[in-house]
Amino acid sequence: MYIIESGNVAAALGVKLAEAAVIAAYPITPQTPLTEKLSELVDAGEMDAQYIPVESEHSALAVCIAASSTGSRTFTATSANGLLYMNEQLHWAAGARLPIVMCVVNRGIGAPWTVWNDHQDSISQRDAGWIQLYACDHQQIIDSVLKAFRLAETVSVPVMVCYDGYILSHTYMPFELPEADQVKKFLPAFTPEYFLDPACPKNLNTVTLPDIRPDVRGNAAPGYMEIRHNLHTDMRKSLDVITDIEKDFKEIFGRGGYPFIEPYRVNDADYVALCMGSLSYHLRDVIDMLRDEGIAVGVAGLRVYRPFPDKAIADAFAHKKGLIVFEKALSYGNQGALFADVKAALYAKADRPFVRNYILGLGGREIQTSQLADVLRSSCRPSSTTTDTPEWIGLKL
Amino acid sequence: MEKEFKFACKKSHSEPGPGDGGRTGSWRVLRPIIDYEKCIPAKKNKKACFSCWLFCPDGVITKTKMPAIDLEYCKGCGICAEECPTGAITMVEETLLIMEKEE
């Protein structure tokens, strides 16, 4: 069944279909309508879940960590400074290997205050040990929420589902509401490999010494470094899990099929624009325009940022002439984070494309079709070279 | 170290024990092992030397002809091995000892 709803409601309906058992969240623009919708669904008895109101984002995630430790399917959502306020608990959730799912409704970070969209909030948390998925439209938001729960529970790593504030969160768009019986087939009930049980007390995440040590039964227990290595290894393994889940999803729902890179007119393109989130769909119009002018350019939307699908990127783009990376975030003092990662992924390839970087749309700065077309016209040339310093689109100095 | 450990759990989950409350031996990365063939009081069978006893900051070495180390409390700092005039004390990686126990 197709419905017309906002991106935030799409996310909330995904959480309802996933039958999350515990939700704790603190409202922050532009995430607020998502948590409001969930509290309405719980209050109306349409969701059999505990909605736990809290006084801050730090507490929201702390509640989720506790709930997830007891084996409950757990959800939260936030934006911008709310995500940053969670920072300590973000690392905790990942280190504790809890399959929490969180929507990050992307918004620029203060200071100075902004409520508008960019990606600095989630990109700044890229090394927290969470998987990061990026959605391009309302359909992908609701679908990604379902995939996120299955992924998180399969690999015991928390997952962020990121989508653009206002551009997706507050706009209305038709999308297909997954059928409950299909969801049950795709996402079975959560059976944790381990959960807190008052009848059988355990220690979780106590002070862990630098080296391995015997546990109370005399068996070797991993040290801090082994536990961290396990997180990294399981994050890398999750690339395969993401591929499998995407395949299953397509079989059941008939949508998707692009686990990492969603291409548009990329096959016969010499040059490819690469970005995350809704911008990759906006760029499709620009690509059509430039194709009419005879420029062999396509656009690819990156759906997963952590773990970084470096092999998929190298395989997809190494033989192209040029890659143009558009980013709504910046690693201050260096370059776009995605840009640096993409260059690293291509480094081992002998015959690699030039890679250029454009920063745009920070704090909701309007992104004009003509600006995108102009920079692609000037970049998509055989004479273009790889840049180290990003260029800024629409900057008024 | 080539050996792969078989850990009971790959996360930080454990069963409650008696608690470490002051039993600082579990902090140890290196374990002191005394070679009584080289240890002066042991070799001469008389109360002599005791540099290890004197220098141990945790007071876990006995002032006996066969000095004994209380491994419940020894943190493995290695000062005894550093001070022993005959080099009778060797610091051995706890990891190696766990491996030996597993085999």
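Everything quoted here is computed from the prediction, not taken from an experiment. (Residues numbered from 1 in each chain as written. Chains lettered and ligands numbered in written order. Predicted model: local features only at pLDDT ≥ 70, side-chain atom pairs only at ≥ 80, totals over all residues. Heavy atoms only, no water.)

1. Regarding the interface of chain B and chain A
Now for step 1: Contacts between the two partners involve 22 residues from chain B, matched on the other side by 28 residues from chain A.
Now for step 2: Note on chain B versus chain A: buried area summed over both sides is about 2,200 Å², and carbon and sulfur give 55% of it.
Now for step 3: Here A:Asp234 and B:Lys10 are joined by a salt bridge, their closest N and O atoms 2.7 Å apart.
Now for step 4: Summed over the shared surface of chain B and chain A, the result is eight residue pairs in polar contact (both at pLDDT 80 or more).
Now for step 5: Its residues assigned to classes, the side of chain B that touches chain A shows nine nonpolar, six polar and seven charged.
Now for step 6: Here strand S9 (residues 203-204) of chain A pairs with strand S1 (residues 13-14) of chain B via two bridges, running antiparallel. Following the sheet pairing, A:Leu204 is matched in S1(B) by B:His13. (Contact = heavy atoms within 4.5 Å. Buried area = accessible area lost by both parts, 1.4 Å probe. Salt bridge = Lys/Arg side-chain N within 4 Å of Asp/Glu carboxyl O. Polar contact = N/O pair within 3.5 Å; in protein donor to acceptor, adjacent residues only side chain to side chain. Nonpolar A, V, L, I, M, F, W, Y, C, P; charged D, E, K, R; others polar. Pairing = 2+ DSSP bridges. Helix = DSSP H or I, 4+ residues; strand = E, 2+ residues; numbered from the N terminus.)

2. Concerning the packing of aromatic side chains
Residue and element names in this part refer to chain A.
Now for step 1: All chains considered together, the criterion is met by seven aromatic pairs over all chains.
Now for step 2: Their ring planes at 75° and their centres at 5.9 Å tell us that Phe186 and Phe253 sit as a pair that is edge-to-face. Note that Phe186 is positioned in helix H8 (residues 180-186) and Phe253 in helix H9 (residues 224-253), a separation of 67 residues in sequence.
Now for step 3: Seen in terms of ring centroids, Tyr271 and Phe354 are 6.0 Å apart; in terms of plane orientation they differ by 40°. Their pairing is tilted. Remark: Phe354 occurs in strand S17 (residues 354-359) and Tyr271 occurs in strand S13 (residues 271-275); sequence separation between them is 83 residues.
Now for step 4: With a relative accessible area of 7%, Phe354 lands in the buried category.
Now for step 5: If you follow Arg150 out to its NZ or CZ, it ends over the ring of Phe186, 4.9 Å from the centre. (Phe/Tyr/Trp six-rings, centres within 6.5 Å; stacked < 30°, edge-to-face > 60°. Buried < 20%, exposed > 50% of the residue type's maximum accessible area, 1.4 Å probe, protein only. Lys NZ or Arg CZ within 6 Å of the ring centre and 35° of its normal.)

3. Observations regarding unusual backbone geometry
What is expected of a backbone is that most residues other than glycine have negative phi and most peptide bonds are trans.
Residue and element names in this part refer to chain A.
Now for step 1: The omega torsion of the bond from Thr29 to Pro30 falls at 0°, within 30 degrees of zero and hence cis.
Now for step 2: With respect to the helices and strands, the residue Pro30 is situated in the loop between strand S2 (22-25) and helix H2 (32-43).
Now for step 3: Of note, the amide linkage connecting Arg306 to Pro307 takes the cis form, showing an omega dihedral of 0°.

4. As for the domain arrangement of chain A
Residue and element names in this part refer to chain A.
Now for step 1: With domains assigned, chain A is organised as domain 1 (2-186) and domain 2 (261-392).
Now for step 2: Distance between the C-alpha centres of domain 1 and domain 2: 27 Å.
Now for step 3: Taken together, the 22 residues of domain 1 in the interface contact 24 residues of domain 2.
Now for step 4: Considering only the side of domain 1, the residues that lose the most area to domain 2 are Arg126, Tyr134 and Cys136, jointly responsible for 29% of the buried surface there.
Now for step 5: Across the pair Asp341 and Arg126 runs a salt bridge whose closest N-O atoms are separated by 3.8 Å. (Domains from an automatic or database assignment.)

5. Some details on the state of the cysteines
All names here are of chain A.
Now for step 1: Applying the stated criterion across every chain, the model contains zero disulfides over all chains.
Now for step 2: Take Cys275: it sits in no disulfide, and the sulfur closest to it among the cysteines is that of Cys136, at 7.4 Å.
Now for step 3: A relative accessible area of 0% means that Cys275 is categorised as buried. (Disulfide = S-S within 2.5 Å.)

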